[in-house]
Each structure stands twice: as structure tokens, then as C-alpha cells.
Amino acid sequence: MPKNKGKGGKNRKRGKNEADDEKRELVFKEDGQEYAQVLRMLGNGRCEATCIDGNKRLCHIRGKMHKKVWIAAGDIILVGLRDYQDDKADVILKYMPDEARLLKAYGELPENTRLNEGINVIDEEDPEAGDDYIEFEDEDIDKI
């Protein structure tokens, strides 16, 4: 039986995100950075995101965030743009839901941005957009 020379197993690694609950300072974009909303996760530490400037980019999740910060479709992220590849970017930061609402309130995000609700969301203006309920008459049921 081999000796355990490390400092603990996977349970120790699981308990490392205890510092995420406390408030952190809101980070704004700088030059060479852009806000984006995740469209879908692709696997292998990559995701597809629509940037606020209108471009759709393939984003790579940096190693510091990989398997520590979980990113899902609809999340607001801060991406670093590449000088040599315009269609690719690197995920620098994931904004928590309250931080994303603050960014929208400060005018950093456009008003039409939907915050952390996922991509498949029913419009409030069009109540019949997600109406999959079909009503049958009694004679229709008898024919089936």
C-alpha cells in the first residue's frame, strides 16, 4: 500500500471555494477587453459567446478558472480580445448575477441584454411564444 505524501484527497480540493461567498470589487472592462454573454458551452474549456460589440467569438476559459468557476449558458463574462485572432477570445472573469445587474444599471451593458436567465427564455411582450399547450375537442380525442 503506497504512502500518502500529499496534503489530502479530493474532499480537500472540493472545499476550496469558500471565499467566493464574500463580496468582491466590481471589475470594469479595460482596453483590449469586452463584455460577453455565453451562448453555449463547447467542452474542452471552451465556450461560444456573443460580445457586446456584436461579434460571436470562440472563448477559451483560462486555466485559473478551469474546473473552479463554473460557466453556463446565459452568464455574463469578461473576455480578453486577441490582437492576432478577432474570432477568438479568452475568458478573464465570470460576473455573479448581482454584479451583472450592477453593470447593466451603470450602463456598461445594453438594456436589451438578458441577465443570467439562460438562452431559451420566453419574451414578456409575446406571451404565446412558449405556448406548447394544445387543446383538443372531445371528438378529436375519440378519433385518435
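Our subject is the structure listed above.
Residues numbered from 1 in each chain as written. Predicted model: local features only at pLDDT ≥ 70, side-chain atom pairs only at ≥ 80, totals over all residues. Heavy atoms only, no water.

Participant: Would you mind going over the overall build of the chain with me for this structure?
Facilitator: Of regular secondary structure, the chain possesses 3 helices and 5 strands. Along the chain, helices and strands appear, N-terminal first, in the series α-β-β-β-β-β-α-α. Within the span of the chain, comprising 144 residues, buried residues form 25% of the whole. Here the contacts in the chain between residues at least 6 apart in sequence split such that 52% fall between residues at least 24 apart. Put simply, the chain shows about 11200 Å² of open surface, and 47% of that area lies on carbon and sulfur atoms. (Helix = DSSP H or I, 4+ residues; strand = E, 2+ residues; numbered from the N terminus. Buried < 20%, exposed > 50% of the residue type's maximum accessible area, 1.4 Å probe, protein only. Contact = heavy atoms within 4.5 Å. Areas by Shrake-Rupley, 256 points an atom, 1.4 Å probe, with all protein chains shown as cover.)

Participant: Just checking my understanding: could you explain the packing of aromatic side chains for this structure?
Facilitator: Aromatic rings in a pair are described by how distant their centres are and how their planes are angled relative to each other. The full count for this structure, using the stated rule, is 2 aromatic pairs. Between the aromatic rings of phenylalanine 28 and tyrosine 106, the centroid separation amounts to 5.9 Å while the plane-to-plane angle is 55°, which identifies the pairing as tilted. One end of the pair, phenylalanine 28, is in the loop between α1 (10-14) and β1 (33-43); the other, tyrosine 106, is in the loop between α2 (97-105) and α3 (138-143), and 78 residues separate them in sequence. A relative accessible area of 53% means that tyrosine 106 is categorised as exposed. (Phe/Tyr/Trp six-rings, centres within 6.5 Å; stacked < 30°, edge-to-face > 60°.)

Participant: Please clarify how unusual backbone geometry should be interpreted in this entry.
Facilitator: Across the chain, the bulk of peptide bonds are trans and the bulk of non-glycine residues have phi less than zero. Its identity as a non-glycine residue notwithstanding, asparagine 44 has a phi of 60°, on the positive side. If you trace the backbone, asparagine 44 turns up in the loop between β1 and β2 (46-51). By relative accessible area, asparagine 44 is classed as exposed at 69%. A positive phi angle is found at lysine 67, which is not glycine, with a value near 65°. Within the secondary structure, lysine 67 sits in the loop between β3 (56-61) and β4 (76-81).

Participant: Explain a nonpolar patch on the surface here, please?
Facilitator: A contiguous nonpolar surface patch, about 300 Å² in accessible area, is contributed by Phe28, Leu102 and Tyr106. Looking at where leucine 102 falls in the secondary structure, it is placed in helix α2. Exposure remark for leucine 102: the relative accessible area of 38% places this residue in the partly exposed category. (Patch = residues over 30% accessible without salt bridge, like charges linked within 9 Å, V, L, I, M, F, W, Y side chains within 5 Å. Salt bridge = Lys/Arg side-chain N within 4 Å of Asp/Glu carboxyl O.)

Participant: Sorry if this is basic, but what is going on with the pattern of salt bridges here?
Facilitator: Two side chains with opposite charge may pair up if their charged atoms get near one another. For the structure shown, the criterion picks out 7 salt bridges. One salt bridge connects lysine 29 with glutamate 34, and the closest N-O pair in it is separated by 3.2 Å. For lysine 29, a relative accessible area of 35% puts it in the partly exposed group. With a relative accessible area of 10%, glutamate 34 lands in the buried category. The residue arginine 40 makes a salt bridge to glutamate 48 at a minimum N-O spacing of 2.6 Å.

Participant: Hey, could you run me through the nonpolar core in this one?
Facilitator: Ranked by internal contacts, the top residues of the largest apolar core, which has 13 residues, are Ala36, Cys59, Ile71, Ile77, Val79 and Val91. For this core, the secondary structure elements donating two or more residues are β1, β2, β3, β4 and β5 (88-94). Sort the elements by how many residues they give to this core and β2 lands first, with 3 residues. Every residue in contact with isoleucine 77, bar those within four places of it in the chain, is listed here: Glu34, Tyr35, Ala36, Val38, Ala49, Ile71, Val91, Leu93, Lys94 and Tyr95. Counting 10 residues, the second largest nonpolar core, distinct from the first, contains Tyr35, Ile76, Leu78 and Leu109. (Core = buried A, V, L, I, M, F, W, Y, C linked by side-chain atoms within 4.5 Å.)

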